[in-house]
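For reference, the chains in residue letters:
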Amino acid sequence: MNFWQRTLAILHKDLMAEWRTKERLSPMAFFSLLVLLVFNFSFELGGAALHEIGPGVLWSSFVFASLLGLSRSFADERENHSLDALLMAPGDRSAIYLGKMLGNLIFLLAVELICLPFFTLFFNLSPGWFLLPLLGVFFLGSACLSAAGTLFAAMSSNMRLRELLLPLLMLPMILPALISCVEATGLVLDHEWGESLYPHLKMLAVYAIVFIALSLMLFEYAVEE
Amino acid sequence: MKNLSNASKVLSTLVFVSMLAALGFVFLYAPMEKEMGDTQRIFYFHVPAAISAFICFFLVFLGSVQYLRTRETRWDRLALCSAELGVMFGLIVLITGPLWAKPIWGVYWRWEPRLTSMLITFTIYVAYLMIRTHGTRSGQAPRLAAVLGIVAFANVPLVYYSVDLWAAEQQLHPPRNVGLAPEMRYTLWICYAAYALLLVQLLLRRLDLARIEEAVERLRQRRDELADY
Amino acid sequence: MLIDDIVLEKASKNFASFVALRAVDLCVQRGQFTLLAGANGAGKSTLLRLAAGVSRPNSGRVLIAGEDPQRNSKARAAIGLLSHHTLLYDDLSAEENLSFFAQLYGLADATQRVEGALQEVGLLEHRRRRLRGFSRGMRQRLALARATLHQPAVLLLDEPFTGLDQPACAALSQRLLQVKERGQTCMMVTHRVGEAAALADRLVVLRRGRICHDQQWQGSSQELVDTCAPFLGAIH
């Protein structure tokens, strides 16, 4: 069980460091809110238009916030060269990926939970039972974003122009997940769960599993020197 | 080298002849389609281009996997050249598509599943090429590109599945097994053959070019090293 | 029989068009303290990183205790690295940093080991302080504790004296002497060859990615500086 011990050690270390400084969570959450505001002024939102655009606006702000947070997850390891120390540790190096991915997932979920009340406020949604399935969609969608994003963050931290290239890498690749997230969120907000919702949830689950499996196999190649 | 250029000349001639034959079949032999008229003939260029693009994307995947396993440059070279050709064929699909769409559906573009999926896949491989050019110092470029090449290809079925889910009702392309008249089917096969020969010729020439570029780079390095002493 | 702890066989490494190491052959035996010297850009740090398993050679191979560190966990568990970067986390305390590494290496009696390590480097009373508040000398002491926590057979040192004042240098030299007396194999890269004289058993000089000088060493600081001077002259 050493693999899981190391994964959890890395997760715990990231969470502890973040708890002390809050240098990722605050900017991510605030940025997400700002994006919601920008979209509000860019489109005439309210009423019927909200139903069409609301979920898309929400997930766009999450995706952009995640781009911010993901680039940090390997940036500080590179800055103080502690990635070398992690690579030198015995055992499967993909434990680093999994630990980082779980950390990114938790941060992204935290941002989403912070944004949700503001979203319901700005867009006049009445709170109700839809919150529970909505959290399920958030969880699956965030798992997809972190699974792919952590791998790309690891790759881009190794490249020139790293902050510039992470969006280029990530945005085309997460489109399948994004499509299903937006659809599923729309369905949940319309209180339509059942037949039409499951295919999307299945899609998200498959996407997350595929990317986690791929990343576990490819991570070592992405970070080696 | 002599043998190579002879083989290349033979292949070029074959490509030329097969393309001429394909054009002949498309415009002279294939019957006019009853609903769409002459515009339908774009089909014979559009579909083989799509198939060629996917063959190229598969070659990117193959080259990437083999590169990570063996670390031999030739596999990385295959991945790069196939990606370029795949993007080119994808562009042909994305241009012939709207050209076909305007007379038939009335608009140049509709967000319907096949077109949208092709657009997303095309974007993924354009990103691949951009990362290779701008993102990496050449020591690590092959390795990072190989990881990307594998992930990109794995993503393609996901793209198609999710876009299908999203816009199933908007499906405007005819279903895959639509019955084709025998003459149409023969014409299509001729076009497949022509495109396949084109793909092979372009790939081989591009691989040659890549090999020459690498040789020049090696010579340049050697010259710089000697200059140091 | 003398065991070869660190072996490089025709190891080469290049970065883009720059060739850092050219087909280097090197064997370091158990218990030897090898000093790697050379001008800037000679390839010393690259060689060390290959030995640490952090970098993969473009051709040739690297073996630690007979195994490839890139592939073999046991080989990696036998290596410790002390660099001029601390490889530690500023937002965690000294104790938390060491506990993290103890968990990473799967060490059984983590708490005792961490305490023992902190005691040994004289940082026990600062155990709960965050690293941000540490001086350079204190950080380097903690870094040494981190590097030796899992009792590696091989200790690699990359410019460990950088940024340390004279007393801190002397203290680090003293600790390295203790490490050497314990029988650990060491390889050190440093510009400040004077500090290393008392420690080194062997001097290897690199120039433009190749080994140009390799001798057993047993001399004074001044002699070491003089021997290295001609090789350090060229600046890239």
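The model shown is predicted, which means the values in this text are computed figures rather than measured ones.

**Q** Mind showing me how you'd approach the packing of helix 2 (residues 25-42) of chain A against helix 5 (residues 94-122) of chain A here?
**A** Between two packed helices, both the angle of their axes relative to each other and the distance between the axes serve to describe the pair. Residue and element names in this part refer to chain A. One way to put it is that helix 2 packs onto helix 5 with a least axis distance of 9 Å and a crossing angle of 35°. By crossing handedness, the relation of helix 2 to helix 5 is classed as right-handed. Between helix 2 and helix 5, the residues in contact are Leu25, Met28, Ala29, Ser32, Leu33, Leu36 and Asn40 and Phe107, Ala110, Val111, Ile114, Cys115, Phe118, Phe119 and Phe122, respectively. The residue makeup of the contact of helix 2 with helix 5, split by class, is 13 nonpolar, 2 polar and no charged.

**Q** Sorry, what's going on with the sheet that holds strand 3 (residues 33-38) of chain C here?
**A** Strand pairing in a sheet is mediated by backbone hydrogen bonds. Such pairs are either parallel or antiparallel. All names here are of chain C. One open sheet holds the 6 strands; their spatial order is 5-6-7-3-8-9, and the pairing between them is mixed. The open sheet has two edge strands, strand 5 (79-82) and strand 9 (210-216), and neither has a second partner. For this sheet, the mean angle separating the axes of adjacent strands, direction not counted, is 15°. Sheet topology note: the strand 3/strand 7 (residues 185-189) ladder contains 4 bridges and is parallel. For Phe33, the partnering residue across the bridge sits in strand 7 and is Cys186. Packed onto the sheet, helix 5 (residues 136-148) meets strand 5 and strand 6 (154-158) and runs at close to 170° relative to strand 5.

**Q** Would you mind showing me how to read the environment of Leu88(C) here?
**A** Take Leu88(C): it is sitting in the loop between strand 5 and helix 3 (94-104). Separated by 10 residues in the primary sequence, Leu88(C) and Leu98(C) have C-alpha atoms spaced 8.9 Å apart. Other than its neighbours up to four places away in sequence, Leu88(C) contacts Ser82(A), Asn97(C), Leu131(C), Arg139(C), Leu142(C), Ala143(C) and Arg146(C).

**Q** Mind showing me how you'd approach helix 6 (residues 182-228) of chain B here?
**A** Residues that lie three or four places apart on an α-helix share one face, since the helix turns once every 3.6 residues. End to end, helix 6 of chain B covers 69 Å across 47 residues, agreeing with the expected 69 Å (1.5 Å per residue, within 8%). Turning to helix 6 of chain B, its buried residues number three or more, namely Met184(B), Thr187(B), Ile190(B), Cys191(B), Ala194(B), Tyr195(B), Leu198(B) and Leu199(B).

Parameters at a glance
- Residues numbered from 1 in each chain as written.
- Chains lettered and ligands numbered in written order.
- Predicted model: local features only at pLDDT ≥ 70, side-chain atom pairs only at ≥ 80, totals over all residues.
- Axes fitted to C-alpha atoms, helices over the stretch in contact; angles between N-to-C directions.
- Helix = DSSP H or I, 4+ residues; strand = E, 2+ residues; numbered from the N terminus.
- Left-handed = near helix turned anticlockwise from the far one by under 90°.
- Contact = placed C-beta atoms within 7 Å.
- Nonpolar A, V, L, I, M, F, W, Y, C, P; charged D, E, K, R; others polar.
- Pairing = 2+ DSSP bridges.
- Expected span 1.5 Å × (residues − 1).
- Buried ≥ 20, exposed ≤ 12 C-beta atoms within 10 Å, placed from the backbone.

The values are spatial; any link to function lies outside them.
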